[in-house]
Amino acid sequence: MDVNAAVAAAAAIAGLCTGVIAMLAFRWSERDQARPTRTSLHTDAVLPPGVDTVLSVLRSSAVVLDESDSVVKASSAAYALGLVRGGKLAVEPMLHMARDTRRDGEIRQVELDLPRRGTGRGEALAVSARVAPLGSRLVLLLVEDLTEARRIEAVRRDFVANVSHELKTPVGALSLLSEAVMDASDDPEAVTRFAGRMQIEATRLTNLVQELIDLSRVQNDDPLEDAEPVRVDELVAEAIDRSRHPASTKQITMAVGGGGPGGSTADLRIWGNRGQLAAALGNLVENAVNYSPARTRVGVSARRVSAPGGDLIEIAVTDQGIGISEKDRERVFERFYRVDPARSRATGGTGLGLAIVKHVAASHGGEVTVWSSEGQGSTFTLRLPEAGAGRERSSNGPDRVDEDDDRPFDTDPNAEIPAPEVLP
C-alpha cells in the first residue's frame, strides 16, 4: 500500500514538472517569435541617437536604408518626390549607389533627371543625390531638388545672351558708322547723314542701358519700402507728357477719361513706389504711341473696381494699332520678345518695356493683362491695390464696378472714353 502511494505521488510530481516545463517552453517560444530579427528592424529604434532629429530639420529629402535595402526612415519630401514606394527605394540608380556605398563605405554623389509624378507631359525633375554610410550597416541618401535652380540658371543664361546680342547691334553700328564718317571726311553731306545715323544708334544704346538698369531695379528693390499714396491723375499726366512729342509727330490724339463723374481721376490713388509706377504706365503709353498708325487715338482710362481683398485701381491704355496675334499675347511680357522685330527696330524698342511693367505690377501686388485684336488695336490693363485714403471716400463717390466684370476698359478702340480730356 505504501509502495503504491509512493509511486502515485512520484507520478503526480513528474506530471506537474512536465506541465510546468511545457508551459515555460511555450512562453519562451512565443517570446522568441515576437522578438525582432536583424532583417525586421525597420523602425526608428535602429537609427543612431540624434539622427532622427537631424534628418527632420534637413531641407533635403532623406532616406535611410538597411542591409536588405528596406527603408528604415524617409522624410515626407522623399515620398512627395516619388523616391519611396511600398517601403522600398523606387529609383534604381540611387539603389545601386546605396549598395556600392554599403559595400566599400565610400561617399557617392550624382545628378539625375527623374520623371515628374502626376504629369503626363514627360517633364523632368532634376535632382542631386548623395549617399553616405550611416553606422555599420545603414546607408543615408540625401536628395536635393535642383529643378527650380536649373530653371533660374537657364533664364539667367538666356538673359545674358539676349543682352549681349542687343548691345552688340548698336555698338557694331556705331563702329561702322564712325568708319564711314572717316572715309567720307571730304563729303559734308555724307558726314551729316552718317552723323545722324550715329545719333539714332547712340540713343538706342542709351535707352537699352537705361531699361536694363530699370529692370534690375524693379527686380531687386522692395517697392513697399518707399511706398506712398500716389495719385492716378498725376501718373497719367506724367506718362502722357513723356510721349507727347512722338504722338504729335504722328498726329495721334491722346485722350484721358474714367474715374468719377465728369471724367475726373483726382480721387483715385495707388499704394506703391511712385517712380516704378510712373515707369510702368509710361512704358504702356509709349508702346501704344509707337505701335499706332498716324492720325489715330490713344486713350488712358482709370476706374475703381471692387475686389474681395480690397478695392483695386484699374488703369487701361488703349490704342488703334496693329494688334497682337493670339500666339504672341502670352509672350509679350517676356524680356526682349518683340511681336514685330522690324517695327521695333524702326521705333527703337528694346523689348524690355513690358517686362518692366509686369515686374512692377507683381511687386505691387497687382497684375497686367492684355486684350488685343489684330488690325483693330490693343488694351493693356494695370490692376493695382488702392491706397487706404482712396477707400475712405464719401458715400457720394463714383459707383463701384462689379468685381466679376473682367472686361478691359474700352476694349473696342472705336468706343468713346467717358468724358475725355483731349490733349493735343
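Keep in mind it's a predicted model, so treat the numbers as computed, not measured.

**Student:** Even after reading the chapter, I still don't get the side chain of Ser-128, so can you show me in this structure?
**Tutor:** Counting through the fold element by element, Ser-128 comes out in strand β6 (residues 124–134). One polar contact links Ser-128 to Gln-109, side chain to side chain, over a distance of 3.2 Å. Aside from chain neighbours lying at most four places away, what touches Ser-128 is Gln-109, Val-110, Glu-111, Leu-142, Val-143, Glu-144 and Leu-146.

**Student:** In this structure, what is going on with the sheet that holds strand β1 (residues 61–65)? I would like to understand it.
**Tutor:** Adjacent strands of a sheet pair through backbone hydrogen bonds, lying either parallel or antiparallel. One open sheet accounts for five strands, arranged β2-β1-β7-β6-β5; its pairing is antiparallel. The two strands at the open ends of the sheet, each matched to only one other strand, are β2 (71–74) and β5 (108–115). Ignoring strand direction, the axes of neighbouring strands in this sheet form an average angle of 25°. Alignment of β1 against strand β7 (residues 138–145), held across five bridges, turns out to be antiparallel. Bridge pairing in β7 places Ser-61 opposite Val-143. Relative to β5, helix α4 (residues 92–104) is tilted by about 165°, and along the sheet it contacts β1, β5, β6 and β7.

**Student:** What is the right way to look at the pairing of β1 in this model?
**Tutor:** Side-chain direction in a regular strand flips from residue to residue, so the side chains alternate between the two faces of the sheet. Summarising burial for β1: five of the five residues are buried, a large majority. Alternating positions in β1 separate into two faces, Ser-61, Val-63 and Leu-65 on one and Ala-62 and Val-64 on the other, with burial throughout. Alignment of β1 against β2, held across three bridges, turns out to be antiparallel. When the sheet's bridge partners are listed, Val-63 is paired in β2 with Ala-74. Hairpin connection from β1 to β2: five residues lie between these consecutive antiparallel strands, with Asp-69 at a positive phi of about 65°.

**Student:** Would you take a moment to explain the pairing of strand β14 (residues 377–385) for this structure?
**Tutor:** Burial within β14 is extensive, with eight of its nine residues counted as buried. Sheet analysis places strand β12 (residues 312–318) next to β14, joined by seven bridges and oriented antiparallel. Paired with Glu-314 across the two strands is Arg-383, which belongs to β14. The sheet contact formed by strand β13 (residues 367–373) and β14 spans seven bridges and is antiparallel.

**Student:** So what exactly am I meant to see when it comes to α4 here?
**Tutor:** Note that an α-helix has 3.6 residues per turn; residues three or four places apart therefore point the same way. Taking 1.5 Å of rise per residue, the 13 residues of α4 would be expected to cover 18 Å, and the 19 Å separating its terminal C-alpha atoms lies within 8% of that figure. For α4, the complete set of buried residues consists of Met-94, Leu-95, Met-97, Ala-98 and Thr-101. An end-on view of α4 places all buried positions within 160° of arc, on one side of the element. Residues of α4 that are buried sit in contact with β1, β4 (88–89), β5, β6 and β7. Looking at the residues trailing α4, positive phi occurs at Gly-105, about 75°.

**Student:** Looking at this structure, how should I read the environment of Phe-380?
**Tutor:** Within the secondary structure, Phe-380 sits in strand β14. What makes Phe-380 buried here is its relative accessible area of 9%.

**Student:** Just to check I follow, could you spell out the packing of helix α9 (residues 274–290) against helix α12 (residues 353–363) for this structure?
**Tutor:** When two helices pack together, their arrangement is given by the angle between their axes and by how far apart the axes lie. Direction vectors running N to C along α9 and α12 enclose 140°, while the axes themselves pass 9 Å from each other. Two packed elements cross with a definite hand, and for α9 against α12 that hand is left-handed. Facing Gln-276, Leu-277, Ala-280, Asn-283, Leu-284 and Asn-287 of α9, the residues of α12 in contact are Gly-353, Leu-354, Ile-356, Val-357, Val-360 and Ser-363. A per-class count over the contact of α9 with α12 returns seven nonpolar, five polar and no charged.

Rules used throughout
Residues numbered from 1 in each chain as written. Predicted model: local features only at pLDDT ≥ 70, side-chain atom pairs only at ≥ 80, totals over all residues. Heavy atoms only, no water. Helix = DSSP H or I, 4+ residues; strand = E, 2+ residues; numbered from the N terminus. Polar contact = N/O pair within 3.5 Å; in protein donor to acceptor, adjacent residues only side chain to side chain. Contact = heavy atoms within 4.5 Å. Pairing = 2+ DSSP bridges. Axes fitted to C-alpha atoms, helices over the stretch in contact; angles between N-to-C directions. Buried < 20%, exposed > 50% of the residue type's maximum accessible area, 1.4 Å probe, protein only. Expected span 1.5 Å × (residues − 1). Arc of directions from axis to C-beta. Left-handed = near helix turned anticlockwise from the far one by under 90°. Nonpolar A, V, L, I, M, F, W, Y, C, P; charged D, E, K, R; others polar.

The analysis is restricted to geometry; functional conclusions fall outside its scope.
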